[in-house]
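Observations on the three-dimensional arrangement
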Amino acid sequence: MDFSRLVVPKAPSTSKDDSKRKESTFWKSYKSPVFLKSYTAISHVQFSPTTPHRYVVTSGTRLQIYSPKTNRVVKTISRFKDTARSGEIRADGKLCIAGDDSGLVQVFDINSRAILRTIRAHKQTVHTTKFSPGSGTQILTTSSDTTVRLFDLSTSSPIRTFSLHTDYVRTAAFVPSSPSLVLSGGYDGTVRLWDSRVPQAEHGGQAWLARHGKPVESVLVGPSGTVALSAGGPILRVWDLLAATTSRGRISSDEQGGGDNLDGGDAEGDEDEDTGTTMCVRSLSNHQKTITSLCWTEGELGEPRVLSGGLDGLVKVYDPQENWRVRHTMRYGGQVMALAVSPNSSHLIAGLSDGSLSIRTRIPAKKPTSLTIGGGKSTQPSYDALLAGAGAGGVGYKGKEAMEGLAALSLSQQQGEKRVGRERKKKLLEWDRMLKDFRYGDALDSVLRKGVTPATTFALLSELIHRDGLPIALANRNDISLEPILRFLIKHITDQRQGLLAIDVASALIEIYSSTIGLSPLVDGLFAKLRRKVGHELELQRELTKVKGALDMILAQSTLVGLK
């Protein structure tokens, strides 16, 4: 009779556990990381929306455009005399834009690397440069001179200037569903929504104002334009952008009188100011240090996800459909300054402060090799067919050779022949080998070590009781070998799932070692601790019984009232 291995019962898993496990599996599938080193910190990474989804990396005084297939530089643009900022590729993949620390903004042709437009409107560092959604005929810029500007790409002439921020404007983004709306965030701790259709005389074109509470490093607008996110310090805020735009001009008297006048403008409170409680749907603080970058992406089944990277070296994955719960966390070896995911979810790129560019790729699942036989019908060769000559090494044979192999296979199956194989035996675990040799005490010691789950320990204790080997495993022990057993019982004797089994083991221990009480201070202290733990549990059960009785009386009385 073969030896039966120890069977450890698995805890029932919930659907939430399964979904979390699938989510982690998906993000862990970004493997084969490639690390490329630059001489300065990487400040920005962006993917082209059009295939083949080339990506531009901004570092130092140059822009480098990489091929996603080879992860190698295909174009280098080094037309800046100062540190470049926010390199972005237009939606059609033909133009690229970037600013620098001197306030210069330049537009390049990617193929020829020629400078097409030069804009010198800003006086200080340009932090953001973006093309408008769709045709990309407008340019959005933000700067340390506290302004947000819109330019016409065809003429380089300014369209609008928004200047109500009181500190550096670090980030801005178009609203995809309405390109006339721009969301910006600055070091004054505010998030502002601008409307280029509103005259300059009406609050400077500002449609909505909200307080983030920390210097804002990054803003992000959802694809539908109804949700916006702002990141500043370790805090991530989610804003209801739809409600903010539809309720413009409607603020409560508390909001009118509360707080300082952040923009130095109208102090009478007739502008829509959100102090972080009205339109803020969610406030999250999952990072330990400042969040530097945000990006939208999709999960395994196309569900929306938001990624955030911070100076703590962590990248968090949020689920907007489950109240912005963190679904997965990735760790990097340095401070994350830039983050981007390709539109087809094949690449995950993080730029670090030490100049490292981490490129993770998803390896697509390999399709099984098929054979083409007869009239083009594809079939999967079995192991027997490969041995018979239908295919070898993943190569499918055609014509006479393939048909002879399949004919030999079908003939052997018709004659009732069976392939006899040698079954591999699984290697026994340490405690299984000891149980097989009837070394019950050693088997118990092996499951009380660190790294062994409590479920395995209780499974072995149950097996020992079934074999009538528990007294043998517990007997002839000194205070050193008794300590791990007693500490295990102290920790798990109140566990509702294994409480009865733990009580049986404790009773067996007391029966065996009751005559030795008082000989070892260590064992005496552990038995006293076990006694106190059981006493506290009994007291808790008595209190719960009282509460249950009171609830039964209340429910019975309510039932009688209902009957009357």
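What you see is a predicted model, and the numbers here were worked out from it, not measured in a lab.

What counts and what doesn't
- Residues numbered from 1 in each chain as written.
- Predicted model: local features only at pLDDT ≥ 70, side-chain atom pairs only at ≥ 80, totals over all residues.
- Heavy atoms only, no water.
- pLDDT = per-residue confidence, 0-100.
- Contact = heavy atoms within 4.5 Å.
- Core = buried A, V, L, I, M, F, W, Y, C linked by side-chain atoms within 4.5 Å.
- Buried < 20%, exposed > 50% of the residue type's maximum accessible area, 1.4 Å probe, protein only.
- Helix = DSSP H or I, 4+ residues; strand = E, 2+ residues; numbered from the N terminus.
- Patch = residues over 30% accessible without salt bridge, like charges linked within 9 Å, V, L, I, M, F, W, Y side chains within 5 Å.
- Areas by Shrake-Rupley, 256 points an atom, 1.4 Å probe, with all protein chains shown as cover.
- Salt bridge = Lys/Arg side-chain N within 4 Å of Asp/Glu carboxyl O.
- 1 Å grid on protein atoms, 1.4 Å probe; cavity = no way out; pocket = protein on both sides within 12 Å on 5 of 7 lines; lining within 4 Å.
- Points joined across faces, edges and corners; volume = space filled by probe spheres on them.
- Nonpolar A, V, L, I, M, F, W, Y, C, P; charged D, E, K, R; others polar.

Re the confidence of the model for the chain
When pLDDT is averaged across the chain, the result is 84; 81% of the residues are at 70 or more. This model gives residues 249-272 a pLDDT under 50, and the stretch forms 38 contacts once residues within four places in sequence are excluded. Taken as a whole, residues 367-375 scores under 50 in pLDDT and shows 22 contacts with residues more than four places along the chain or in a different chain.

Describing the nonpolar core
Ranked by internal contacts, the top residues of the largest apolar core, which has 35 residues, are Leu444, Leu460, Leu461, Leu474, Leu489 and Leu509. Looking at this core, the element that brings in the most residues is helix α11 (residues 499-513), giving 7 residues. Those residues in contact with leucine 461, other than ones at most four positions away along the chain, are Leu444, Leu470, Phe488, Leu501 and Val505. If you look at the next biggest cluster of nonpolar residues, it comprises 18 residues, including Leu193, Ala210, Val221 and Ala244.

Structural notes on a nonpolar patch on the surface
On the surface, a cluster of nonpolar side chains totalling about 280 Å² of accessible area is made up of Val547, Leu551 and Ile554. Residue placement: valine 547 occurs in helix α12 (residues 521-563).

Quick word on unusual backbone geometry
In this model, threonine 51 is joined to proline 52 through a cis peptide bond whose omega is 10°. Note on placement: proline 52 falls in the loop between β2 (42-47) and β3 (55-59). Positioned with a positive phi, phenylalanine 438 is a non-glycine residue whose angle comes to about 60°. With respect to the element layout, phenylalanine 438 can be found in the loop between α6 (430-436) and α7 (440-447).

Details of empty space enclosed by the protein
Scanning the model with the defined rule gives 1 cavity of 30 Å³ or more in all. Approximately 40 Å³ is the volume attributed to the largest cavity. In terms of lining, the largest cavity is formed by Leu444, Leu448, Leu461, Leu474, Ile485, Phe488, Leu489 and Val505. Residue contributions to the lining of the largest cavity peak at 3 residues, all from helix α10 (residues 479-492). When the residues that make up the lining of the largest cavity are grouped by side-chain class, the tally is 8 nonpolar, no polar and no charged.

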